[in-house]
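For reference, the chains in residue letters:
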Amino acid sequence: MARALREAVLAGIIAFGLFVLYVGLKTDQNISNELILVPRPGLLAIFVGLAMVARFLGVLYIQPAMKRRRDAKSAAADLELQPSYVKRNFSTIAIIALVLYPPLMVALFGTQGSLKWVDNFGIQILIYVMLAWGLNIVVGLAGLLDLGYVAFYAVGAYSYALLSTHLGLSFWVLLPMAGILAALWGMILGFPVLRLRGDYLAIVTLAFGEIIRLVLINWTEVTQGTFGISGIAKASIFGIYSFDVGAPNNFAKVFGLPMSAAYYKIFLFYVILALALLTAFVTIRLRRMPVGRAWEALREDEIACRSLGINTVTTKLTAFATGAMFGGFAGSFFAARQGFVSPESFVFLESAVILAIVVLGGMGSLVGIAVAAVVMVGGTEMLRELTFLKAIFGPDFTPELYRMLLFGLAMIVVMVLKPRGFVGSREPSAFLHARKSVSSSFTKEGHG
């Protein structure tokens, strides 16, 4: 109890120092159009109080409970208990739930009411799942720290936007083309960084992402600069049914349904679900092939990998190209979904969020990354729905403005409690005699 109280007071002091400028003071303009500081002591006291209560409960109850759980888990591991039905069939259950998700939302909220849940909580999360799985090939499997992954996302989006606008090609033709172009740029990035590793590789990839963004801003003759490209054609159902309102083969008109944008969003949900599952399938297959084992060998020790006769040049290039290809697929889908692209959608923060999802989920773990994407992206989207917080923090409180603050706090909590991500163990792609999970204590920090 004494230790819990002591640490709670210390947490309150630290929270006060962190939040006094960001939460305790607010900049505003007075009637003379002068910038003034408005103190918010009540809101600051709530944040400090929450930090103290959380630390007190954590030290007094949560930490001992977690210790007992770890001890029980270690004892159960020695008995080699049979995993539960849900754990053994988690992937199948998740896929079935995702397939039934749009009809369920339509049944609960109606056709128009389901639009928000299918788009913001379905499509948005699946885009980040696909991006994180693509980056997982580069970072999680090959061990190449890439801070400019959003560049391939941008290449795919602008490839679709420009070719669709000027050449009139369909979504199903441009989708593979965008992936191929992004893979080409992945190889172009891979050649200069073949001799780099660690922090130096991260700096170069970060610069590459910024170069692509600045090119999109300044090459106004092609990309329209900061104005972006609008009027991008929508995707169709293989050219058979269109979602354009004035088209004679409009989906709603053909089937006699009321006009609604929800049908297009539901169609896009299944498209991005298929693309995400394709990404997972290819990743799983590649891990079992020689190139996948070469990626894992490169991640663990590049010098030992080279000494075994593995060509590290082609290994790195295939990792960059494959990861970039899936980023290009996601970018082309993003352009078709939004109907508008601009450089503001491809800033460094996007790369940071995608990398954070990979790390928090557990590098190399597809299930863990998917769970991290649901928690992080879905959690920030849920803030828009928490309007009842205005009754607690005041009518001027806007929950979505604090999403990055809560995102950072969530990352800190997860990394303290689960330093190797949500999934702390993984199955090796190659095994001797029997397949067994590898404990996180036997793997490199952050690699699952």
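All values reported here derive from a predicted model rather than from experimental measurement.

Asks: Tell me what's going on with the overall build of the protein chain, and back it up with residues and numbers.
Replies: Across its full length, the protein chain carries 17 helices and four strands. Residue burial in the protein chain is summarised as follows: out of 448 residues, 43% are buried. A fraction of 69% describes how many contacts in the protein chain between residues 6 or more apart in sequence connect residues 24 or more apart. With an accessible surface of roughly 23700 Å², the protein chain has 68% of that area assigned to carbon and sulfur atoms.

Asks: Summarise the packing of aromatic side chains; cite the residues concerned and give the values.
Replies: Per the counting criterion, the structure on display carries 18 aromatic pairs. Pairing W172 with F238 gives two aromatic rings, centres 4.5 Å apart and planes at 20 degrees, and the pair type is stacked. Taken together, the residues span a long stretch of sequence, with W172 in helix α6 (residues 171-190) and F238 in the loop between β3 (229-230) and α9 (251-254) at a distance of 66 residues. Judged by its relative accessible area of 27%, W172 falls in the partly exposed class.

Asks: Summarise the pattern of salt bridges; cite the residues concerned and give the values.
Replies: According to the stated counting rule, one finds nine salt bridges in the structure shown. Here D119 makes a salt bridge to K265, at a shortest N to O gap of 3.8 Å. Here the residue D119 occupies a position in helix α4 (residues 90-141), and K265 occupies one in helix α10 (residues 262-288), the gap between them amounting to 146 residues. Note that R306 is salt-bridged to E302, the shortest N-O span being 3.1 Å. One end of the pair is R306 and the other is E302, both in helix α12 (residues 302-307) and four residues apart, which spans about a single turn. A single salt-bridge network, built from bridges that share partners, covers R3, E7 and R55.

Asks: Could you give an account of a nonpolar patch on the surface, with specific residues and numbers?
Replies: A contiguous nonpolar surface patch, about 440 Å² in accessible area, is contributed by V86, F90, I93, V367, V371 and V375. A total of three residues in the nonpolar patch trace back to one element, the largest contributor, which is helix α15 (residues 366-382). The exposure class assigned to I93 is partly exposed, which follows from its relative accessible area of 37%.

Asks: Now, about the nonpolar core: what can you tell me, with residues and values included?
Replies: In terms of nonpolar packing, the biggest core is built from 98 residues, with F333, V341 and I357 touching the most fellow members. At 20 residues, the largest contribution of residues to this core is made by α4. Once you skip the residues sitting within four places of it in the chain, I357 turns out to touch Y128, A132, I369, A372, A373 and V377. In this structure, F19, L44, V48 and Y402 belong to the second largest nonpolar core, which totals eight residues.

Asks: Lay out the packing of α10 against helix α13 (residues 312-338) in plain terms, naming residues and giving numbers.
Replies: At a minimum axis separation of 11 Å, α10 and α13 run at an interaxial angle of 180 degrees. One way to sum up the angle between α10 and α13 is to call them roughly antiparallel. Here Y264, K265, L268, V271, I272, L275, T279, V282 and L286 of α10 lie close against α13, whose contacting residues are T322, F326, F333, A336 and R337. Looking at the contact of α10 with α13, its residues break down into ten nonpolar, two polar and two charged.

Asks: I'd like a rundown of the packing of α10 against helix α11 (residues 290-300), residues and numbers included.
Replies: Across the interface, α10 lies against α11 with an axial gap of 4 Å and an inter-helix angle of 80 degrees. With respect to their mutual orientation, α10 and α11 come out roughly perpendicular. Residues L286, R287 and R288 of α10 pack against P290, V291, G292, R293, W295 and E296 of α11. Here the residues of the contact of α10 with α11 are counted per class, giving four nonpolar, one polar and four charged.

Asks: How would you explain the pairing of strand β2 (residues 35-39) if you had to name every residue and give the values?
Replies: In terms of burial, β2 is largely open, as just zero of its five residues are buried. Direction of pairing for strand β1 (residues 25-29) relative to β2: antiparallel, over a ladder of five bridges. Across the sheet, L25 pairs through a bridge with P39, a residue of β2. A loop of five residues connects β1 with β2, the two strands running antiparallel in sequence, and N33 in this loop sits at a positive phi of about 65 degrees.

Asks: Please set out a positive patch on the surface residue by residue, giving values where relevant.
Replies: Taken together, the side chains of R69, K73, K87 and K418 present a region of like positive charge at the surface. Summarising the element assignment, K418 is placed in the segment after α17 (403-417). Judged by its relative accessible area of 35%, K418 is partly exposed.

Asks: Please give an account of the side chain of R287 that cites residues and values.
Replies: Of note, R287 is situated in helix α10. Take R287: its relative accessible area is 14%, and that puts it in the buried class. Here the side chain of R287 touches E296 through a polar contact of 2.9 Å, side chain to side chain.

Asks: I'd like a description of α6, backed by residues and values.
Replies: Between its terminal C-alpha atoms α6 stretches 28 Å, which fits the 28 Å expected from 20 residues at 1.5 Å a residue. Taken as a whole, α6 has its buried residues at F171, L174, L175, A178, G179, A182, A183, G186, L189 and G190.

Asks: Describe the side chain of T205, and please don't skip the residues or the numbers.
Replies: Along the chain, T205 falls in helix α7 (residues 198-218). Polar contacts involving the side chain of T205 include one to the main-chain carbonyl oxygen of A202, which spans 2.9 Å.

Cut-offs used in this document
- One numbering rule holds for all chains: residues counted from 1, following each sequence as written.
- Per-residue local features are limited, in this predicted model, to residues with pLDDT of at least 70; the limit for side-chain atom pairs, both in listing and counting, is 80 or more; totals at the level of whole chains, interfaces and linings are taken over all residues.
- Remark: hydrogens and water are excluded; side-chain values derive from all non-hydrogen atoms of the structure.
- Put simply, DSSP H or I for four residues or longer makes a helix, DSSP E for two residues or longer makes a strand, and each gets a number counted from the N terminus.
- Only protein chains enter the accessibility calculation, which uses a 1.4 Å probe. A residue is then buried if its area is under 20% of the maximum for its type, exposed if over 50%, and partly exposed in between.
- Note on contacts: a residue pair qualifies if any of its non-hydrogen atoms lie within 4.5 Å across the two residues.
- To measure how exposed things are, a 1.4 Å probe is used in the Shrake-Rupley method; for residues, cover is taken only from the protein chains shown.
- We call Phe, Tyr and Trp rings a pair once their centres come within 6.5 Å, taking the six-membered ring for Trp, and we label the pair stacked below 30 degrees between planes, edge-to-face above 60, and tilted otherwise.
- When a carboxyl oxygen of Asp or Glu is within 4 Å of a side-chain nitrogen of Lys or Arg, the pair counts as a salt bridge.
- Within this analysis, patches are made of residues with over 30% relative accessible area and no salt bridge. Like charges are joined at 9 Å or less; nonpolar side chains (Val, Leu, Ile, Met, Phe, Trp, Tyr) at 5 Å or less.
- As used here, the term nonpolar core means buried Ala, Val, Leu, Ile, Met, Phe, Trp, Tyr and Cys residues forming a set that is joined through side-chain atoms within 4.5 Å.
- Only the stretch in contact is used when a helix axis is fitted, and all axes are lines through C-alpha atoms; the angle between N-to-C directions ranges over 0 to 180 degrees.
- Note on terminology: angles under 35 degrees are roughly parallel, angles over 145 are roughly antiparallel, angles of 65 to 115 are roughly perpendicular, and the others are oblique.
- Each residue is assigned to one of three groups, with Ala, Val, Leu, Ile, Met, Phe, Trp, Tyr, Cys and Pro labelled nonpolar, Asp, Glu, Lys and Arg labelled charged, and all others, Gly among them, labelled polar.
- Whether two strands pair comes down to DSSP finding at least two bridges between them.
- His residues and chain termini do not enter the charge count, which takes Lys and Arg as positive and Asp and Glu as negative.
- Charge placement uses NZ in Lys and CZ in Arg. For Asp and Glu, CG and CD serve respectively.
- Think of a polar contact as two N or O atoms within 3.5 Å of one another; within protein, one of them needs to be a possible hydrogen donor and the other a possible acceptor, and neighboring residues in sequence only count if both atoms come from side chains.
- A helix's residues, less one, multiplied by 1.5 Å, set its expected span.

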